[in-house]
Structure formats: C-alpha cells, structure tokens
Amino acid sequence: MGARLHLGRRNPDGRIPGEAAGFVALARPGAPKSLKLEATGVLLGTALAVEPKPFSQRGPSLADGLTEVLHALRRNAVTGSRRVDAVLACQPGDSFWGTEFSRAYLRNVSLMPEPLRVHVAGEGLGDAGAGAGPVMLGVALHQARWRQASARRTLVYGSADGGRIGACVVEMIPQ
C-alpha cells in the first residue's frame, strides 16, 4: 500500500495499515463424517462482478459492480426471499467505500437489514487486504453463533481496489 493511502495528517481519510489471514473450510451437505467438520453455517448464495470505475482509477464510486452483486443475491431464490440481519464489509474504511455501499444499498434496500447495521473490517483490522474475506466470514459465523442470536443471516462483501467484487450470504445453523 502506497504512503498516499495511509491515514495521517495529510490524509485524514486514509487507511490504517493492517494484516489478516484466515481460512474457511467449505463442505457440501452430507460430507463424510471422517472429515470431522462441525458445520456452523450454510452459504446460501454468492455473486461476483467487476466495478467499471474502481478505486484505483480515482474519482467517485458509481457502485455499479456492488449493485450488480447485491442484485444477484437479491434475485437468488434462496437468498432473496428474506432480508439479511447484518452486513459485514471487507473494506478498509475510506470514504470511497462508504459512497460505494450507500449507492448500492439504496438500489437493493429489500435485501438489507432494518435497522441497517454495517460493520467494516477497516475499523478493527485496518487494511486487511485479501485476508479480510475469510476473516469477516469467520466473524459472521462467530457473531451469529455466540454473540448475536438475531444475526442469523449475514451479508459479507468486499471490493478490491482494482474493481473485483464478491459477496455472499451466510446463515447460521441453529444449535
């Protein structure tokens, strides 16, 4: 990450440098018991897109890519019938990403929680980069299982500086 992106006196909207690494084991329903995996959630749907005017091109976000992935999740028969309970963003926290989410949110309100709750990775992890995705998916499963019984369905999304965007909806398995 270049110095021009770092939080500081000259860049009050900058990023806090950070590091993250994580992994998530995915298995199909009915996976062999010999794997000894404990299912904590179900991945209800995923979507991918590319933002035509990404952060790396400088300028305001039009949020076309994020709108597309949220719209795809909303159209999905499994994920689209109900609102999510929480939103986890794998973003560093710059205003560009807030603008992107605000615009995409307004185009996909029926998918979003009421009241709207968005937790941004950058607030606690700094700029976690590619590690933010699996870490935030782990956070979604942890919160749903141990901390917030009301957060059973969580939207996790991330937008890379270069424009690639991914999102998923994960639902906690009742214990």
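Residues numbered from 1 in each chain as written. Predicted model: local features only at pLDDT ≥ 70, side-chain atom pairs only at ≥ 80, totals over all residues. Heavy atoms only, no water.

## Remarks on the side chain of E51
In step 1: Considering the arrangement of structural elements, one finds E51 in the loop between β1 (41-50) and α1 (64-75).
In step 2: Although buried, E51 forms no salt bridge, and the nearest oppositely charged side chain, R107, lies 7.0 Å from it.
In step 3: Polar side-chain contacts of E51 include one of 2.8 Å to the backbone nitrogen of G65.
In step 4: The residues touching E51, leaving out its near neighbours within four places in the chain, are L62, A63, D64, G65, L66, E100, G163 and I165. (Helix = DSSP H or I, 4+ residues; strand = E, 2+ residues; numbered from the N terminus. Buried < 20%, exposed > 50% of the residue type's maximum accessible area, 1.4 Å probe, protein only. Lys, Arg positive; Asp, Glu negative; His and termini not counted. Salt bridge = Lys/Arg side-chain N within 4 Å of Asp/Glu carboxyl O. Polar contact = N/O pair within 3.5 Å; in protein donor to acceptor, adjacent residues only side chain to side chain. Contact = heavy atoms within 4.5 Å.)

## What to know about the side chain of Q91
In step 1: For Q91, the location among the structural elements is in the loop between β2 (86-89) and α2 (95-107).
In step 2: A distance of 2.7 Å separates a polar atom in the side chain of Q91 from the backbone nitrogen of S159.

## Focus: the pairing of β2
In step 1: Of the two faces of β2, the one carrying A86 and L88 and the one carrying V87 and A89 are both buried.
In step 2: Bridge count between β2 and strand β4 (residues 153-159): four bridges; the pairing is parallel. The residue bridging L88 from the neighbouring strand is V156, located in β4.
In step 3: A crossover links β2 with its parallel partner strand β3 (residues 118-120), the connecting element being α2, and its sense is right-handed. (Pairing = 2+ DSSP bridges. Right-handed = clockwise from strand over helix to strand, strands pointing away.)

## Things to note about the packing of aromatic side chains
In step 1: Within the structure shown, the criterion is met by five aromatic pairs.
In step 2: Arranged with centres 5.4 Å apart and planes meeting at 25°, the rings of F55 and W97 form a pair that is stacked. Here F55 is found in the loop between β1 and α1, whereas its partner W97 is found in helix α2, with 42 residues between them in sequence.
In step 3: Under the relative-accessibility criterion, F55 is labelled buried at 7%.
In step 4: Taking 4.8 Å as the distance between ring centres and 85° as the angle between the ring planes, the aromatic pair formed by F96 and W97 counts as edge-to-face. Note on accessibility: F96 and W97 belong to one class, buried.
In step 5: An aromatic cluster is defined as three or more aromatic residues linked by ring pairs; in this entry it consists of F55, F96 and W97. (Phe/Tyr/Trp six-rings, centres within 6.5 Å; stacked < 30°, edge-to-face > 60°.)

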